[in-house]
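# Observations on the model geometry
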Amino acid sequence: SRDIVYIDYEITPSDADRKSQLEEMNEVVGQLESEMDDYASFVRRSGSDIAYSEVARSAKNLPVDVAERLDSVKVGGVFGPFYDGIEDTYNAFKLLSVVKGYDSIQFSVMQVVADDAEAISARADSIEKAVKKGADFAEIAAKYGQTSVAQWLAADAYEPATITGDNAIYLNKLNSMKKGEVAVLNLSNATIVIKVFDVKNPVDKYNTVIVKRPVQFSETTSNDAYNKLSAFLSVNTTVDDLKANAENSDFHLLYYPGFQSYSHNVAGVAKSTEALRWTFGAQEGEVSRIYEVGGANDHLLVVGVEKINPRGTISIEDATA
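The rules behind each value
- Residues numbered from 1 in each chain as written.
- Predicted model: local features only at pLDDT ≥ 70, side-chain atom pairs only at ≥ 80, totals over all residues.
- Heavy atoms only, no water.
- Helix = DSSP H or I, 4+ residues; strand = E, 2+ residues; numbered from the N terminus.
- Rg over C-alpha atoms; globule rule 2.2 N^0.38 Å.
- Buried < 20%, exposed > 50% of the residue type's maximum accessible area, 1.4 Å probe, protein only.
- Contact = heavy atoms within 4.5 Å.
- Areas by Shrake-Rupley, 256 points an atom, 1.4 Å probe, with all protein chains shown as cover.
- Salt bridge = Lys/Arg side-chain N within 4 Å of Asp/Glu carboxyl O.
- 1 Å grid on protein atoms, 1.4 Å probe; cavity = no way out; pocket = protein on both sides within 12 Å on 5 of 7 lines; lining within 4 Å.
- Points joined across faces, edges and corners; volume = space filled by probe spheres on them.
- Nonpolar A, V, L, I, M, F, W, Y, C, P; charged D, E, K, R; others polar.
- Pairing = 2+ DSSP bridges.
- Axes fitted to C-alpha atoms, helices over the stretch in contact; angles between N-to-C directions.
- Expected span 1.5 Å × (residues − 1).
- Arc of directions from axis to C-beta.
- Polar contact = N/O pair within 3.5 Å; in protein donor to acceptor, adjacent residues only side chain to side chain.
- Core = buried A, V, L, I, M, F, W, Y, C linked by side-chain atoms within 4.5 Å.

### Regarding the overall build of the chain
What the chain contains, in helices and strands, is 10 helices and nine strands. Relative to its length of 321 residues, the chain is extended, with a C-alpha radius of gyration of 30 Å against a globular reference of 20 Å. Along the first, second and third principal axes, the C-alpha set of the chain runs to 90 × 50 × 35 Å. Per-residue burial over the chain gives 42% buried out of 321 residues. Taking contacts inside the chain between residues at least 6 apart in sequence as the whole, the part at least 24 apart equals 68%. Surface exposure of the chain reaches about 17500 Å², of which carbon and sulfur atoms provide 47%.

Following this line, the structure appears as C-alpha cells:
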C-alpha cells in the first residue's frame, strides 16, 4: 500500500461562464416562443439534458422545478429562463397542451394480420364491431392464433422515458380511451385492436418541451485553473513542498494512508485510473503531473507518494498514527 497526499481541485463555472450561458438560454427562449414542427431536434440542438417525449406526462413525472411552475404558464406559453440551484441548471419550458390521462390502464391488444392492407382493414373493422357487440376479446384473439390477456399499465412505468413514434401514438391513444372502449389503431408496421377494460385516477397530463442545461465551465476557465495549479507545482516538486505550501496557495491537500492497489481510482475520483497506475510505480517523495479527471473532466488531480508500505502486517506505530 501507499500513504499518499493529493490535491483534488474541482473546476467550477466562473461568473463570466454563467452570464454567457444565461444569454444563450435567453436565445433559446426566443426560439421556443415561435412555432416549430420538430421540437425533438430543437431540444437536442439546445444541449438539453432532457429529451423531448411525445407522450404527455403527469406533473409527478416532470422535473420538480418544471412541475412547480406549470400554473404560471398558459397553453402555448413559454416559462424561463430560470435557474435551479439544486441541479445548477438554466431551464426553460413550453407548455404545448394539457390533456386528460390515467395513472393506470387495464387493456388488451391484438394484432390484425391478413394478406394485404385492404383485407387487414376489413378484418380490423369486423373485430371491432364484434367486440363492441359483446364478443369476448380473448376468444377472438385465440381464433387468430394470439394470446390476449388483460394487463395493467401504470403511467409511472413509461412516463419518465423518452417516447416517440409508434410507441407515443400507442400510449397517447390508450390514455384517450374510456373504460369499455374499443378502437382500431394503425401504426407504421402494424394494425392493432385495443380494448380498455378499466382505468384508474384520471389526471391532467402535460405535453411540455423542456430545455435543461447544466451550467458548465468554459475552456478559458479550465485553462486558467490548469495554469494556476501548474504554476504551483513548478515550484513545489516534492511531497514535503506540497505539505508545506498547499494551503497558502488555495489548494486543499488531502491525506490517504494505506491506499491500496486494488482500488479502481484515486480516492473515489472518477476516471483517475492513470493516476492510480502512476501512484504504484512512483518512489517515495515523488509528485505526479496534473491529471484531468472526474466524470465531466471537471477535476484536476495531483498525487504525491509520502510512504511505500511493504507487504505484511503494519506496525503498531503506523496503525495508531
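Picking up after the structure, the text goes on.
### Some remarks on the pattern of salt bridges
The tally for this structure, following the rule as stated, stands at 15 salt bridges. With its nearest N and O atoms 2.7 Å apart, the salt bridge here joins glutamate 24 to arginine 213. Taken together, the residues glutamate 24 in helix 1 (residues 15–32) and arginine 213 in strand 6 (residues 191–214) connect sequence positions 189 residues apart. The class of arginine 213 is buried, set by a relative accessible area of 18%. In this structure, aspartate 204 and lysine 100 form a salt bridge, with 3.1 Å as the shortest nitrogen-oxygen distance.

### As for empty space enclosed by the protein
Taken as a whole and assessed by the stated rule, the structure comprises one cavity of 30 Å³ or more. Approximately 70 Å³ is the volume found for the largest cavity. In this structure, the largest cavity is lined by Ile50, Ala51, Tyr52, Ser53, Val55, Arg57, Leu62, Tyr206, Asn207, Thr208 and Ile210. Residues that form the lining of the largest cavity fall into these classes: seven nonpolar, three polar and one charged.

### Structural notes on unusual backbone geometry
Trans is the prevailing form of peptide bonds, just as negative phi is the prevailing case for residues other than glycine. The omega torsion of the bond from glycine 80 to proline 81 falls at 0°, within 30 degrees of zero and hence cis. Its place among the elements puts proline 81 in strand 2 (residues 78–84). Although it is not a glycine, aspartate 88 sits at a positive phi angle of roughly 55°. Along the chain, aspartate 88 turns up in the loop between strand 2 and strand 3 (89–112).

### Some details on the sheet that holds strand 9 (residues 299–308)
With antiparallel pairing, four strands are arranged side by side in an open sheet as 7-1-9-8. Only two strands of the sheet have a single neighbouring strand rather than two, namely strand 7 (253–259) and strand 8 (291–293). Between one strand axis and the next, the sheet turns through 35° on average, direction left out of account. Across three bridges, strand 8 lies against strand 9 in antiparallel orientation. Residue pairing for strand 9: valine 293 is matched across the bridge by histidine 299. Contacting strand 1 (2–10), strand 8 and strand 9, helix 7 (residues 219–235) runs over the sheet at an angle of about 25° to strand 9.

### Points about helix 4 (residues 117–132)
Here helix 4 spans 23 Å end to end across 16 residues, near enough to the 22 Å set by a 1.5 Å rise per residue. Taken together, the buried positions of helix 4 are Ala124, Ile127, Glu128 and Val131. Within helix 4, the buried residues cover an arc of 100° as seen down the axis, which keeps them to one side. Seen from the open side of helix 4, the exposed residues pointing more than 90 degrees away from its buried face are Glu118 and Lys129. Against strand 3, helix 5 (137–143), strand 5 (182–186) and strand 6 lie the buried residues of helix 4. The residue sitting at the N-terminus of helix 4 and contributing the capping side-chain oxygen is aspartate 116; that oxygen lies 3.2 Å from the backbone nitrogen of glutamate 118. Two residues or fewer after helix 4 comes glycine 134, characterised by a positive phi angle close to 115°.

### Considerations on the nonpolar core
One finds Ile105, Phe107, Tyr170, Leu174, Ile194 and Val196 to be the most contacted residues of the largest nonpolar core, which totals 19 residues. Elements with a minimum of two residues in this core: strand 3, helix 6 (165–176), strand 5 and strand 6. Those residues within four positions of tyrosine 170 in sequence are excluded, and the remaining contacts are Phe107, Val109, Leu185, Ile192 and Ile194. Core analysis: the next-biggest nonpolar cluster, separate from the first, contains 17 residues, Ala225, Leu242, Ala246 and Leu300 among them.

### With respect to helix 1
Taking 1.5 Å of rise per residue, 18 residues should cover 26 Å, and helix 1 covers 26 Å from first to last C-alpha, within 8% of that figure. The set of residues buried in helix 1 consists of Asp17, Gln21, Met25, Val28, Val29 and Leu32. All buried residues of helix 1 lie within an arc of 115° about the axis, which places them on one face of the element. For helix 1, exposure combined with an orientation more than 90 degrees from the buried face picks out Asp15, Ala16, Lys19 and Glu27. Against helix 2 (39–45), strand 2, strand 3, strand 6 and helix 7 lie the buried residues of helix 1.

### Things to note about the environment of aspartate 65
Along the chain, aspartate 65 turns up in helix 3 (residues 64–67). Taking the C-alpha atoms as reference points, aspartate 65 and glutamate 87, separated by 22 residues in sequence, lie 9.6 Å from one another. If we skip the residues at most four places from it in the chain, aspartate 65 touches Phe82, Asp84, Glu87, Thr89, Asn91 and Lys212. A polar atom in the side chain of aspartate 65 sits 2.6 Å from the side chain of lysine 212.

By themselves, these are just geometric observations and shouldn't be taken as functional.
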